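Listed below, chain by chain, are the residues.
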Amino acid sequence: MARPAAAAAATTATVMLSANGFGFPPQNFARVVVWEWLNEHGRWRPYSATVCHHIENIIKCNARGSVVLGQAEAQLSPYIIDLQSMHQFRQDTGTMRPVRRNFYDPSSAPGKGIVWEWENDSCSWTPYDMDICITIQNAYEKQHPWLDLTSLGFCYIIDFNSMCQMNRQTQRKRRLRRRMDLAYPLTMGSIPKSQSWPVGTQSGQPCSCQQCVLVNSTRAASNAILASQRRKVYSATNGTLTVRQSNSYNGAALWSTASTAGITPSKPEQARSPTTTQLSPISQSQSATTTTPIPGQNNLNRPGTQRSAVVSTRASIPPGVPALPVKNLNGSGPVHPALAGMTGILMCAAGLPVCLTRAPKPILHPPPVNKSEIKPVPGISGICRKTKKKHLKKGKAPEDVVRRYMQKVKNPPDEDCTICMERLVSSSGYEGVLNLKGVKPELVGKLSKCSHMYHLLCLVAMYNNGNKDGSLQCPTCKAIYGEKTGTQPPGKMEYHVIPHSLPGYSESKTIRIVYDIPAGLQGIEHPNQGKKFTARGFPRHCYLPDTEKGRKILKLLIVAWDRRLIFTIGTSNTTGEADTVVWNEIHHKTEFGSNLTGHGYPDPNYLDNVLAELSAQGVIEDCIKD
């Protein structure tokens, strides 16, 4: 692979700023803007260039408004960025994550529209964090044969000759690629005043009104937390501060317009507005508490800096100023968290200090269990069931299967056939489309159990469009004739008893079910034969109380598994991904010790509901074999 000349690699220059604060580069200095969000692992993940252009366009119109990300990318439709509080808000769950506006050199990877990605376990591509992407691109342009990412806190080696990423500990290799995309937006000059927090008079003295006191206290608290997450390399030489080319703007982060070297930080009580050459109050409190990061290391969200940020946050809020908590309320549905998140956004927009508490994390798994403590389920033989690829049996002709469950009707009523929507007294709408010997288009039959009437030709067409497993389901009342089977891919089902109790079943142990389905190729019964399908989130752990009713449901679930009814291949309602393994209308409890997502306990109606869902699939108590 041809690479650019080494002369094009001069992208690692740092920006020298005076120690009196975090100053922007000069007004005529261009820089690339990359918006990023903080994930649950403490990593700042970049939005795509398309989304960043969209956010920048919104900022030009209203720097204190909100950004609907779905207008830029359809898969981000649940997300909104509140520019006032600099948080990403998910409307359906109420989850809030910090966002920041980051700046890079125009000649770096984001300025050129270069994206480096690695191949994950599902054979799709994941982009690197922006600082890692820039580091890889710099080494690539300098024609280095390999790159060690240890200095960034990762035990990986990038091999440019084989274009792979190797784990130094496990020696596992993954493919990587360099992709050209839209370049990230450029910006000039300082942040518009409308993006800064409210300040006092033009003289630089802070306003003493209650509104500004409240707002400034919130600004100080926000700055303390967000500033602790910036990546910097400090140098005490000549009283200067060396900042890497990644300079963050975290919503309320204020930058001094002056850059005079040698000015010492002011005391907290002497801090003025961001338009002066002095530091804001948080600069002094942070410098007194944070530890010096190790050069070249990734210091993002280290425990020490987090604790010091909390101390500085509490110290910076003036006494007597109330901090209004907006808690993510406990609840089984997404309504309460969403209300809490929206309340926080509205209060922040009104200038009120908001204390956003972390949402309680769901308890998905029980405490660790030794193998000796795992026992078989009483009354059920074995602990594992496997399914293999479906082999279509040479059964009877479709018309013979339909005739098995129907009775001929000599004088049909003048009603609509709910399949073809033609009158029963006339010919089937499939006349001419489906030609079968011995099946006249005007023949009408009545299903033996439910007595619903259809054209015989219509039922044959419906059967041919289904699983062709010898069963038939009434399209009106969903009554099942025969043994219904599904299109579940091959996999394994394990079940056993563990010595822990579910909420609401304190006197009973727990039945744990483990489903494991690998990715593979779709078969003839699947939507896209021969195409790969993904299997996300496996193995999946599910839980039932070890009671008489719970054991009955397990027996029925085993029957449903053998009939391939638990899962199917389709489009995920959660992620929107197509050709992936999804649940097939039989709900399971995947949350062990809580019910924050609605998929846990206590849920007094769950056992009855799942029995009804199994019955709708034709899995009833009569199907259980002794």
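Above this text is the structure in question.
This one's a predicted model, so the numbers in the text were calculated from it and none came from an experiment.

Chemist: So what exactly am I meant to see when it comes to the overall build of the protein here?
Modeler: Helix and strand counts for the protein come out as eleven helices and 31 strands. Taken over 626 residues, the protein has a buried fraction of 46%. For the protein, long-range pairs separated by at least 24 residues make up 64% of all intrachain contacts whose partners lie at least 6 apart in sequence. Carbon and sulfur atoms make up 54% of the accessible area of the protein, which amounts to about 31,800 Å² in all.

Chemist: What's the story with the environment of Lys509 in this structure? I'm lost.
Modeler: Relative to the elements of secondary structure, Lys509 occurs in the loop between strand E25 (491-498) and strand E26 (510-516). Given a relative accessible area of 46%, Lys509 falls into the partly exposed group. Separated by 37 residues in sequence, Lys509 and Asp546 place their C-alpha atoms 5.2 Å apart.

Chemist: Explain the packing of helix H10 (residues 548-562) against helix H11 (residues 606-616) to me, please; I cannot follow it from the model alone.
Modeler: The description of two helices packed together rests on the angle between their axes and the distance between the axes. Interhelical geometry of H10 versus H11 gives an angle of 25° and a closest axis separation of 11 Å. On the basis of the axis angle, H10 is roughly parallel to H11. Our pair here, H10 against H11, has a crossing hand that is left-handed. In this structure, H10 contributes Lys549, Lys552, Ile553, Leu556, Leu557 and Ala560 to the contact, and H11 contributes Leu607, Asp608, Val610, Leu611 and Leu614. Residues that form the contact of H10 with H11 fall into these classes: eight nonpolar, no polar and three charged.

Chemist: How do you make sense of the pattern of salt bridges when you look at a structure like this?
Modeler: Any two side chains of opposite charge can pair, on the condition that their charged atoms come close. Applying the stated rule across the entire model yields 24 salt bridges. As a salt-bridge pair, Asp414 and Arg423 come within 3.0 Å of each other at their nearest N and O atoms. The class of Arg423 is partly exposed, set by a relative accessible area of 33%. A salt bridge links Lys492 to Glu494, with the nearest nitrogen and oxygen atoms 3.1 Å apart. Beyond isolated ion pairs, a larger network of salt bridges with shared partners links Glu117, Arg177, Arg179 and Asp181.

Chemist: How should I be thinking about H11 in this particular structure?
Modeler: At 3.6 residues per turn, the α-helix brings residues three or four places apart onto the same side. Inspection of H11 places Tyr606, Leu607, Val610, Leu611, Glu613 and Leu614 among the buried residues, and these make up the whole buried set. Along the axis of H11, the buried positions cluster into a sector of 160°, meaning they face one direction only. Residues of H11 that are buried sit in contact with strand E29 (540-545) and H10. A positive phi of about 85° marks Gly618, the residue just after H11.

Chemist: Whenever I open this one, the environment of Leu472 confuses me. Can you help?
Modeler: Take Leu472: it is sitting in strand E23 (residues 472-473). With a relative accessible area of 4%, Leu472 lands in the buried category. For the pair formed by Leu472 and Arg404, sequence separation is 68 residues and the distance between their alpha carbons is 9.9 Å. Not counting the four nearest positions on each side in its chain, Leu472 is found in contact with Tyr405, Leu447, Met462, Tyr463, Ala479, Ile480 and Tyr481.

Chemist: So what exactly am I meant to see when it comes to the sheet that holds strand E9 (residues 125-127) here?
Modeler: Each strand in a sheet pairs with another by means of backbone hydrogen bonds, the pair being arranged parallel or else antiparallel. Strand order in the open sheet formed by six strands is E9-E8-E13-E12-E11-E10, and the pairing between neighbours is antiparallel. Both outer strands of the open sheet, E9 and strand E10 (146-148), are each paired with one neighbouring strand and no more. Taking each pair of neighbouring strands and ignoring which way they run, the sheet shows an average axis angle of 30°. Note: strand E8 (residues 114-119) against E9, three bridges, orientation antiparallel. When the bridges of E9 are listed, Glu119 appears paired with Trp125.

Chemist: Is there a simple way to think about the environment of Asn411 in this case?
Modeler: Structurally, Asn411 is set in the loop between strand E20 (406-408) and strand E21 (444-447). On the accessibility criterion, Asn411 (71% relative accessible area) is exposed. C-alpha of Asn411 to C-alpha of Val444: the two residues are 33 residues apart in sequence and 8.6 Å apart in space.

Chemist: Just to check I follow, could you spell out helix H3 (residues 130-141) for this structure?
Modeler: The terminal C-alpha atoms of H3, which comprises twelve residues, lie 16 Å apart, in line with the 16 Å expected from a rise of 1.5 Å per residue. Those residues of H3 lying buried are Met130, Asp131, Ile132, Cys133, Ile134, Ile136, Gln137, Asn138, Ala139, Tyr140 and Glu141. Backbone geometry just downstream of H3 places Gln143 in the positive-phi region, at approximately 65°.

Chemist: Looking at this structure, how should I read the packing of aromatic side chains?
Modeler: The geometry of two aromatic rings is summed up by the distance between their centres and the angle between their planes. Counting across every chain of the model gives twelve aromatic pairs. Look at Tyr140 and Phe160: their rings are 5.8 Å apart centre to centre, the planes differ by 55°, and that puts the pair in the tilted class. In this pair, Tyr140 sits in helix H3 while Phe160 sits in the loop between strand E11 (156-159) and strand E12 (164-167), placing the two residues 20 residues apart along the sequence. Ring geometry for Tyr543 against Phe592: centres 5.2 Å apart, planes inclined by 65°, an arrangement best described as edge-to-face. Residue Tyr543 is located in strand E29, and its partner Phe592 is located in the loop between strand E31 (580-583) and H11; the two are separated by 49 residues in the primary sequence. Note on Phe592: relative accessible area 6%, which makes it buried.

Chemist: How do you make sense of the pairing of strand E2 (residues 30-38) when you look at a structure like this?
Modeler: Successive residues of a regular strand alternate their side chains across the two faces of the sheet. Here E2 lies mainly inside the structure; seven of its nine residues are buried. Bridge count between E2 and strand E7 (residues 96-104): six bridges; the pairing is antiparallel. Considered in E7, the bridge of Val32 is made with Tyr104.

Calculation rules
- Residues numbered from 1 in each chain as written.
- Predicted model: local features only at pLDDT ≥ 70, side-chain atom pairs only at ≥ 80, totals over all residues.
- Heavy atoms only, no water.
- Helix = DSSP H or I, 4+ residues; strand = E, 2+ residues; numbered from the N terminus.
- Buried < 20%, exposed > 50% of the residue type's maximum accessible area, 1.4 Å probe, protein only.
- Contact = heavy atoms within 4.5 Å.
- Areas by Shrake-Rupley, 256 points an atom, 1.4 Å probe, with all protein chains shown as cover.
- Axes fitted to C-alpha atoms, helices over the stretch in contact; angles between N-to-C directions.
- Parallel < 35°, antiparallel > 145°, perpendicular 65-115°, else oblique.
- Left-handed = near helix turned anticlockwise from the far one by under 90°.
- Nonpolar A, V, L, I, M, F, W, Y, C, P; charged D, E, K, R; others polar.
- Salt bridge = Lys/Arg side-chain N within 4 Å of Asp/Glu carboxyl O.
- Arc of directions from axis to C-beta.
- Pairing = 2+ DSSP bridges.
- Expected span 1.5 Å × (residues − 1).
- Phe/Tyr/Trp six-rings, centres within 6.5 Å; stacked < 30°, edge-to-face > 60°.

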